[in-house]
Amino acid sequence: MENIAGITIKEHQNSKRIIDIRIEDEILDKLIFPFNKFDITALEYKPFTRFTLAKSLDDLTSNKLSKFMNKIIRDRETGCFIIGPKNINSKIDHTFLVKLSTAIAHLIGIPNHDSMAGKYYARFTVKHEDKSDSYLRKAYTNMDLHTDGTYVKEVTDWLLMTKIDEQNVEGGETAMLHLDDWEHCEYLYNDPIGKQNFIWGSPKSKNIDYKVEHPVFSSDEKGRPKISYIDQFPEPKNMEQGTFLQNLSDGIEESKNKLVIKLPVGSAVVANNYFWLHGRKPFKENIELSRELLRIRGTFFSE
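All of these numbers come straight from a predicted model, not from anything done at the bench.

S.K.: Could you give me a rundown of the sheet that holds strand 6 (residues 143-146), with the residues and numbers involved?
M.R.: Spatially, 4 strands are ordered 6-16-8-14 in an open sheet, and the strand pairing comes out antiparallel. Whereas interior strands pair on both sides, the edge strands pair on one side only; in this sheet they are strand 6 and strand 14 (259-261). Averaged over all neighbouring strand pairs, the angle between strand axes comes to 20°, with direction disregarded. As defined by bridge partners, strand 8 (residues 174-178) adjoins strand 16 (residues 276-280) across 5 bridges and the pair is classed as antiparallel.

As structure tokens, then:
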């Protein structure tokens, strides 16, 4: 495992595929001054400021952190890490976490424009009552395992999700599944229907006024399976496609190798979007329930 001063690195307790990265106080304290140079509006309006934050973080690790994160996220054996402050204190507020998430993302690649929020990132809250048109904010419904970017034209290589805050929360754990650990992957990957083009749409809240076509399964340069799938957005053209999607959904949700992870407040899970599926378990009902999340997704820097 990599040795980086000011960073604690180990395998995650739930899976050796996920690397747990904790940023120690000595680095967090040194980030406060450069982070204060820009407010959130500056980050939203001036993209180069985001790279300035990223460089501040990387420089404090002798430029080792960026190399390490990119190695993990591109490696099929891992492809996922959880990163965040080792200790949360009063200086690490919501604004600091937005900036830290921005810095981490910009050491991996270029964020896509998030049409739902109209920015390079989206912040959204899950509460007891909800009138939205997608599972994203439905607290008491299982959010089935899926990948991001299925309904947009932009390439989505990776995603970052930070837990900004939560109050009165039980349940709602992060669920994850690596394609190479999925028992039914080979069978469904080899079904020719999965390589057909499917139509993918999205509800009004996503602010996307077009539909795209692509298969569920494709292959990487070594012939290994890649997946682009979410249960809510495909529009099957016929019975064959509808039946395939049902079998796919059942096979994913019934997997015995699904990981269930409690993500600490302030931490981000960063995953390769081609071979990691992610979702969320239902929350326990509570009228005071509140969880705020931040999402960034994008493309890798070209090598």
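S.K.: Hey, could you go over empty space enclosed by the protein for me, with residue numbers and the actual values?
M.R.: Taken as a whole and assessed by the stated rule, the structure comprises 2 cavities of 30 Å³ or more. The calculated volume of the largest cavity comes to roughly 410 Å³. In this structure, the largest cavity is lined by 31 residues; those nearest its centre are Leu 136, Met 143, His 146, Met 161 and His 278. Sort the elements by how many residues they give to the lining of the largest cavity and strand 17 (residues 290-300) lands first, with 5 residues. Considered class by class, the residues forming the lining of the largest cavity number 12 nonpolar, 10 polar and 9 charged. Estimates place the volume of the second largest cavity at around 100 Å³.

S.K.: Can you tell me about the packing of aromatic side chains, naming the residues and giving the values?
M.R.: Counted under the stated rule, the structure contains 7 aromatic pairs. Aromatic side chains Tyr 151 and Phe 233 sit 5.0 Å apart centroid to centroid with 85° between the ring planes, which places their arrangement in the edge-to-face category. Of this pair, Tyr 151 sits in the loop between strand 6 and strand 7 (158-167) while Phe 233 is found in the loop between strand 12 (225-227) and strand 13 (234-235), placing the two residues 82 residues apart along the sequence. When its relative accessible area of 5% is taken as the criterion, Phe 233 is described as buried. Consider the rings of Tyr 189 and Phe 217, whose centres lie 5.7 Å apart with planes at 85°: the pair is edge-to-face. Of this pair, Tyr 189 sits in helix 6 (residues 185-189) while Phe 217 sits in strand 11 (residues 217-219), and the two are 28 residues apart along the sequence.

S.K.: Which residues make up unusual backbone geometry, and what values go with them?
M.R.: Phi angles above zero are rare outside glycine, and Asn 63 is one such case at about 60°. Along the chain, Asn 63 falls in the loop between helix 3 (47-59) and helix 4 (64-74).

S.K.: Residues and numbers for the sheet that holds strand 9 (residues 198-200), please.
M.R.: Read from one edge to the other, the open sheet built from 3 strands follows the order 10-9-13, with strand pairing classed as antiparallel. Both outer strands of the open sheet, strand 10 (212-214) and strand 13, are each paired with one neighbouring strand and no more. Pairing analysis gives 3 bridges linking strand 9 to strand 10, with the strands arranged antiparallel. Opposite Trp 200, over in strand 10, you have Val 212 as the bridge partner.

S.K.: Outline the nonpolar core, supporting the account with residue identities and numerical values.
M.R.: Core analysis: the largest hydrophobic core is formed by 44 residues, its most contacted members being Ile 21, Leu 57, Phe 81, Ile 83, Ile 104 and Leu 160. With 7 residues, helix 5 (residues 94-105) is the largest single contributor of residues to this core. Look past the residues within four positions of Leu 160 in its chain and what remains in contact with it is Ser 101, Ile 104, Ala 105, Ala 268, Val 269, Val 270, Leu 294, Arg 295 and Ile 296. Residues Leu 145, Leu 188, Phe 198 and Trp 276 belong to the second largest nonpolar core, which totals 39 residues.

S.K.: Which residues make up the packing of helix 1 (residues 25-36) against helix 3, and what values do they have?
M.R.: Their axes nearest at 10 Å, the elements helix 1 and helix 3 cross at an angle of 155°. Taken together, the axes of helix 1 and helix 3 are roughly antiparallel relative to one another. By crossing handedness, the relation of helix 1 to helix 3 is classed as right-handed. For the pair helix 1 and helix 3, the contacting residues are Ile 27, Leu 31, Pro 34 and Phe 35 in the first and Leu 53, Ser 56 and Leu 57 in the second. Grouping the amino acids of the contact of helix 1 with helix 3 by side-chain chemistry returns 6 nonpolar, 1 polar and no charged.

Calculation notes
Residues numbered from 1 in each chain as written. Predicted model: local features only at pLDDT ≥ 70, side-chain atom pairs only at ≥ 80, totals over all residues. Heavy atoms only, no water. Pairing = 2+ DSSP bridges. Helix = DSSP H or I, 4+ residues; strand = E, 2+ residues; numbered from the N terminus. Axes fitted to C-alpha atoms, helices over the stretch in contact; angles between N-to-C directions. 1 Å grid on protein atoms, 1.4 Å probe; cavity = no way out; pocket = protein on both sides within 12 Å on 5 of 7 lines; lining within 4 Å. Points joined across faces, edges and corners; volume = space filled by probe spheres on them. Nonpolar A, V, L, I, M, F, W, Y, C, P; charged D, E, K, R; others polar. Phe/Tyr/Trp six-rings, centres within 6.5 Å; stacked < 30°, edge-to-face > 60°. Buried < 20%, exposed > 50% of the residue type's maximum accessible area, 1.4 Å probe, protein only. Core = buried A, V, L, I, M, F, W, Y, C linked by side-chain atoms within 4.5 Å. Contact = heavy atoms within 4.5 Å. Parallel < 35°, antiparallel > 145°, perpendicular 65-115°, else oblique. Left-handed = near helix turned anticlockwise from the far one by under 90°.

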